[in-house]
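Breakdown of the fold
Here's the letter readout for the chains.
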2 protein chains.
Amino acid sequence: MVTLADVARHAGVSSSTVSYVLSGKRSISTPTRQRIEKAITDLGYHPNAGARALAGKRSHIIALVVPLHTEVYVPTMMEIAISVTVTARQYGYDVLLITNDEGPEGVRRVAASGLADGVILMDVRLDDDRLPALRAQGTPAALIGIPDDPSGLACVDHDFAAAGALCVDHLADLGHRDLAFVGYPPRVYQRHAGYAERTLNGFRRRAEQRGLRVLHRPCEGTYESTAGTLARILADRPGTTGFVVQNEGAVGPLLSLLRTTGRTVPEDASVVAICPDQLAEQYAPRLTAVTGPRKELGQVAVEQVLARIDAAAAGGAAPDDALLLLAPDLVVRESTAPAPRRVTTTEEPST
Amino acid sequence: MVTLADVARHAGVSSSTVSYVLSGKRSISTPTRQRIEKAITDLGYHPNAGARALAGKRSHIIALVVPLHTEVYVPTMMEIAISVTVTARQYGYDVLLITNDEGPEGVRRVAASGLADGVILMDVRLDDDRLPALRAQGTPAALIGIPDDPSGLACVDHDFAAAGALCVDHLADLGHRDLAFVGYPPRVYQRHAGYAERTLNGFRRRAEQRGLRVLHRPCEGTYESTAGTLARILADRPGTTGFVVQNEGAVGPLLSLLRTTGRTVPEDASVVAICPDQLAEQYAPRLTAVTGPRKELGQVAVEQVLARIDAAAAGGAAPDDALLLLAPDLVVRESTAPAPRRVTTTEEPST
DNA sequence: GGTGAGCGTCGACGCGCTTCGATGTGCGAA
DNA sequence: TTCGCACATCGAAGCGCGTCGACGCTCACC
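Calculation criteria
Residues numbered from 1 in each chain as written. Chains lettered and ligands numbered in written order. Predicted model: local features only at pLDDT ≥ 70, side-chain atom pairs only at ≥ 80, totals over all residues. Heavy atoms only, no water. Phe/Tyr/Trp six-rings, centres within 6.5 Å; stacked < 30°, edge-to-face > 60°. Helix = DSSP H or I, 4+ residues; strand = E, 2+ residues; numbered from the N terminus. Near = heavy atom within 4 Å. Polar contact = N/O pair within 3.5 Å; in protein donor to acceptor, adjacent residues only side chain to side chain. Nonpolar A, V, L, I, M, F, W, Y, C, P; charged D, E, K, R; others polar. Axes fitted to C-alpha atoms, helices over the stretch in contact; angles between N-to-C directions. Parallel < 35°, antiparallel > 145°, perpendicular 65-115°, else oblique. Left-handed = near helix turned anticlockwise from the far one by under 90°. Contact = heavy atoms within 4.5 Å. Buried < 20%, exposed > 50% of the residue type's maximum accessible area, 1.4 Å probe, protein only. Salt bridge = Lys/Arg side-chain N within 4 Å of Asp/Glu carboxyl O. Least-squares fit on C-alpha atoms with pLDDT ≥ 70 in both. Buried area = accessible area lost by both parts, 1.4 Å probe. Pairing = 2+ DSSP bridges. UniProt positions renumbered as here; feature names shortened; annotations may be inferred. Arc of directions from axis to C-beta. Domains from an automatic or database assignment.

An unreviewed UniProt entry lists chain A under the name LacI family transcriptional regulator, with Streptomyces tateyamensis as the source organism.

1. Some points on the packing of aromatic side chains
Residue and element names in this part refer to chain B. Under the criterion given, the structure shown has 6 aromatic pairs over all chains. On the numbers, 5.8 Å between centres and 45 degrees between planes, the contact of F160 with Y195 is tilted. Placement of the pair is F160 in helix 8 (residues 160-173) and Y195 in helix 10 (residues 194-209), with a sequence separation of 35 residues.

2. Side note on the protein's contact with DNA strand C
With respect to spatial proximity, 29 residues lie near DNA strand C, and among them T17 and S27 of chain A together with L4, R26 and Y45 of chain B are the closest. Backbone atoms, meaning sugar plus phosphate, form 59% of the atoms of DNA strand C positioned within 4 Å of the protein. One nitrogen or oxygen atom from the side chain of S29 of chain A is found 2.9 Å from a phosphate oxygen belonging to DNA strand C. Here a base nitrogen of DNA strand C sits 2.6 Å away from a polar atom, N or O, in the side chain of Y20 of chain B. When residues of the surface near DNA strand C are traced back to their parent elements, those giving at least two are helix 2 (15-23) and helix 4 (49-56) of chain A together with helix 2 (15-23) and helix 4 (49-56) of chain B. In terms of residue count, the dominant contributor to the surface near DNA strand C is helix 4 of chain B (5 residues). Grouping the amino acids of the surface near DNA strand C by side-chain chemistry returns 13 nonpolar, 11 polar and 5 charged.

3. Here we look at the packing of helix 1 (residues 4-11) of chain A against helix 3 (residues 30-43) of chain A
Residues and elements named next belong to chain A. Direction vectors running N to C along helix 1 and helix 3 enclose 125 degrees, while the axes themselves pass 9 Å from each other. Between helix 1 and helix 3, the angle is such that the two are oblique. Seen from above, helix 1 lies across helix 3 with right-handed handedness. In this structure, helix 1 uses D6, V7, H10 and A11 to contact helix 3, whose residues at the interface are R35, I36, A39, I40, D42 and L43.

4. Topic: the environment of V214 of chain A
Residue and element names in this part refer to chain A. Mapping V214 onto the fold places it in strand 7 (residues 213-217). The exposure class assigned to V214 is partly exposed, which follows from its relative accessible area of 24%. For the pair V214 and G145, spaced 69 residues apart in sequence, the C-alpha to C-alpha distance is 26 Å. Beyond its immediate stretch of four places on either side in the chain, V214 contacts L179, F203, A207 and R237.

5. Focus: the pattern of salt bridges
The tally for this structure, following the rule as stated, stands at 46 salt bridges over all chains. A salt bridge links R333 of chain A to E281 of chain A, with the shortest nitrogen-to-oxygen separation between them at 3.2 Å. Taken together, the residues R333 of chain A in the segment after strand 12 (329-331) and E281 of chain A in the loop between helix 13 (277-280) and strand 10 (288-291) connect sequence positions 52 residues apart. Of the residues examined, R333 of chain A reaches a relative accessible area of 12% and is grouped as buried. Ionic pairing is found between R198 of chain B and D157 of chain B, a salt bridge with its closest N-O pair at 2.5 Å. With R198 of chain B in helix 10 and D157 of chain B in strand 5 (residues 154-158), this residue pair connects regions lying 41 residues apart in the sequence. For D157 of chain B, a relative accessible area of 5% puts it in the buried group. Overlapping salt bridges, with partners in common, bring together D277, E281, R286, R333 and E334 of chain A in one network.

6. Description of the relation of the copies chain B and chain A
Least-squares fitting of chain B to chain A yields an RMSD of 0.1 Å, with the superposition described by an axial translation of 0.0 Å and a rotation of 180 degrees. Here the transformation between the copies is reduced to the relation of a two-fold axis. In this assembly, 100% of the residues forming the interface of chain B have copies in chain A that are likewise at the interface, indicating an isologous arrangement.

7. Details of the protein's contact with DNA strand D
By nearness alone, 30 residues border DNA strand D, and L4, R26 and Y45 of chain A together with T17 and S27 of chain B come closest of all. Counting only atoms of DNA strand D within 4 Å of the protein, the fraction found in sugar and phosphate groups is 60%. Take N48 of chain A: an N or O atom from its main chain is 3.2 Å from a phosphate oxygen of DNA strand D. For DNA strand D, a phosphate oxygen lies 2.7 Å from a polar atom in the side chain of T32 of chain B. Take the surface near DNA strand D: its biggest share by element is 5 residues, from helix 4 of chain A. Taken together, the residues that form the surface near DNA strand D break down as 13 nonpolar, 12 polar and 5 charged.

8. Side note on the interface of chain B and chain A
On the chain A side, the residues contacting the 36 residues of chain B number 37 residues. Contact with chain A buries area across many residues of chain B, yet H46, M78 and L97 of chain B alone supply 18% of it, more than any other trio. Here chain B and chain A share 4 salt bridges between them. Counting the contacts that link chain B with chain A gives 8 residue pairs in polar contact (both at pLDDT 80 or more).

9. Concerning the pairing of strand 1 (residues 61-66) of chain A
Residue and element names in this part refer to chain A. Where burial is concerned, most of strand 1 is hidden: 6 out of the 6 residues are buried. Pairing of strand 1 with strand 2 (residues 94-99) involves 6 bridges; the strand directions are parallel. Considered in strand 2, the bridge of I61 is made with D94. Here strand 1 runs beside strand 3 (residues 118-121); their pairing, made up of 4 bridges, is parallel. Counted as the bridge partner of A63 is V119 from strand 3.

10. Some words on the side chain of T32 of chain A
All names here are of chain A. With respect to the helices and strands, T32 occurs in helix 3. T32 gets classed as buried once you look at its relative accessible area, which sits at 16%. At 2.6 Å, the side chain of T32 and the side chain of S29 are in polar contact.

11. Overview of the environment of V331 of chain B
Residue and element names in this part refer to chain B. By the secondary structure assignment, V331 is in strand 12 (residues 329-331). In the structure, V331 is positioned 190 residues away from A141 in sequence and 33 Å away in space, judged by C-alpha atoms. Setting aside residues no more than four positions away along its own chain, V331 makes contact with D277, L287, T288 and A289.

12. Describing the UniProt feature "domain: HTH cro/C1-type" (unreviewed entry) in chain A
Sequence positions flagged by UniProt for "domain: HTH cro/C1-type" (unreviewed entry) are, in local numbering, residues 3-46 of chain A. Within residues 3-46 of chain A, the helical portion is 70% and the strand portion 0%, while the C-alpha atoms at the span's ends are 8 Å from each other.

13. Thoughts on helix 4 of chain A
Because each turn of an α-helix spans 3.6 residues, side chains separated by three or four positions in sequence point in the same direction. Residue and element names in this part refer to chain A. The complete set of buried residues in helix 4 reads A49, G50 and A53. Down the axis of helix 4, the buried set is contained in an arc of 100 degrees. They therefore lie on one face. Capping of helix 4 at its N-terminal end is provided by N48; its side-chain oxygen lies 2.9 Å from the backbone amide nitrogen of G50. Two residues or fewer after helix 4 comes K57, characterised by a positive phi angle close to 60 degrees.

14. Examining the domain arrangement of chain A
When the parts come together, some accessible area is lost, and that loss is often what is quoted as the size of the interface. Domain boundaries assigned for chain A yield domain 1 (4-47), domain 2 (61-158 + 294-327) and domain 3 (160-291). Between domain 1 of chain A and domain 3 of chain A, the C-alpha centre-to-centre distance is 61 Å.

15. Comments concerning the sheet that holds strand 12 of chain B
Residues and elements named next belong to chain B. Taken in spatial order, the 6 strands of this open sheet run 7-6-8-9-10-12, and their pairing is mixed. With partners counted over all chains shown, the strands left at the sheet margins are strand 7 (213-217) and strand 12, one partner each. Adjacent strand axes in the sheet meet at a mean angle of 20 degrees when their direction is disregarded. Here 4 bridges tie strand 6 (residues 178-182) to strand 8 (residues 242-245), and the two strands are oriented parallel to one another. Directly across from L179, in strand 8, lies its bridge partner G242.

Structural data, given as structure tokens:
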């Protein structure tokens, strides 16, 4: 193992000089700097992470807490995780993977031991039990998702309300008057996943503004459950022509089922999915879809934690809480079209 | 921050005694041990990771290198990553997430800096460029996947050859004589992903043994490309009744296309997928599928690295290389049935 | 030509922990 | 009673790096 002292000896300087070259915290004359840099590459020196963490009081590691359950769409989660990792590297940080099976204790352990300088939490629940630990320890943190009480914390998320509204606008512009929202399984709403609720709220509010009638139906996402969900929608509101789906598992079944019940998409029924573009492209017809920027989510989260880590190190006061909602995009593809002419109208929609 | 010395003072012993209680490397009398343990919980002591790594020459971290490209089925990768993390925790280790965009340099950096004690590589290529760095440094490592030259390395993987053979056996037992293998996109074979090649080899070899005729067709996995692939298969070998699919994206399109070309599954054509059970259950009909044990893959990989880390610490010689292939399972569902009676046979299959 | 400022460099200390050799205690065997 | 041998505990020496205060040199300026 090559140490700082080896490099210093090789370059004919003291070890502190080498340290200052590495950190840039004091000015070093160009010739000595070059001599030291040459020694570093010659010897293949890599600073020892443990010693650096001990002396510098910074591990240059941030912990990423990922959910265990598979209710969220895994590729999206992975994309965020990767974006977090890549972004962190750009700032000289590495990422430690923490699974949620340790619960709040995991966060506490990692922060208290100085293993990680900060924490990024994914899949934040409205009443998340990891937040008290974070606040109590004053651990620099960023949440991906929004809890009930975001005070003092940095929260980053898609603007799901805007996503819901975007769907309504698109369908309303196409002349649809009766919309159905096929959502996540009931347990997702029950455990207060914020994104599900906020999408729904944005959807409902905009629908009300634009005078559309809406139905919300949670759905397990299997073929059978989707069949049941669709049957109930068509029974309750036979004139429904616009479907908004926020449930990756239900999309495929829904398309098949619409087809087998004699409705072609998009001529007879329009479908807007709230899902990654990658998924939307896979279906036939390709889906008009609303997507949030996943990579940016990870980037912003990292920048938020790092800002808080720096603030804490500078002894600064607790930084302001931040609530960053990233705007979604709607991409029009082949699954939406103007509403069909109404043949049988039982009642007029409310204004 | 609470330190070892604080605990020692609180318990009225020297700090080395506390250290020995923590590590268990020397016997401590029961009363003092209990006093120390009480002090630890009273004070909420967490050993400082950096100091521990520095003094103990072990970071208790293993690095997990994950691929960036999305050609592999992400949920499976995630499942393995999570299983690695959970298993590592059971042994007192944490997991550092490394993306492949750093290339071989990432592995070198993490190992040389002592950030990680060992490395687990996912998505190993036959001629993987990260392996020279590993061997040169003697970094304890486990690969998930098998390279060209696995000598001196621990390799863990599904037994893909057995998976391919399992598909053939199942279809052959049902009386199918002409099989088609719908595989990954050409670039997967071109970059020598071992799993793709080995599946194909196992498939071909067993088919030859059992006297079946086979066709292999790479496939992009989109709807259009699958349509093209199927059309070519049926043009080349109209009597094909057994399909083996190893391409998650192609499964859905294939099922639809078989249906729309007038073949019902499983009466007219049988389909076996090589994919996670979770996916196989999502289709209609539910798919007969071959799956490898993902969780076990992560577990075994962790145990292999840890064994090598311990061996290296004990100054032991380089441990034997290990090549661990985990047996897959075939679950019969609704997509396979006895081959239909042959109506038009142009030629006999070769024995 | 002397003075002060500022830049570049050095030496030493400490971060919190592990580990080794040494010390002290109690016991059974001689 | 004495010797020796476990066992239990202690003290001190690092592990490799960051950082602070100090020192010496150069240069502009009076």
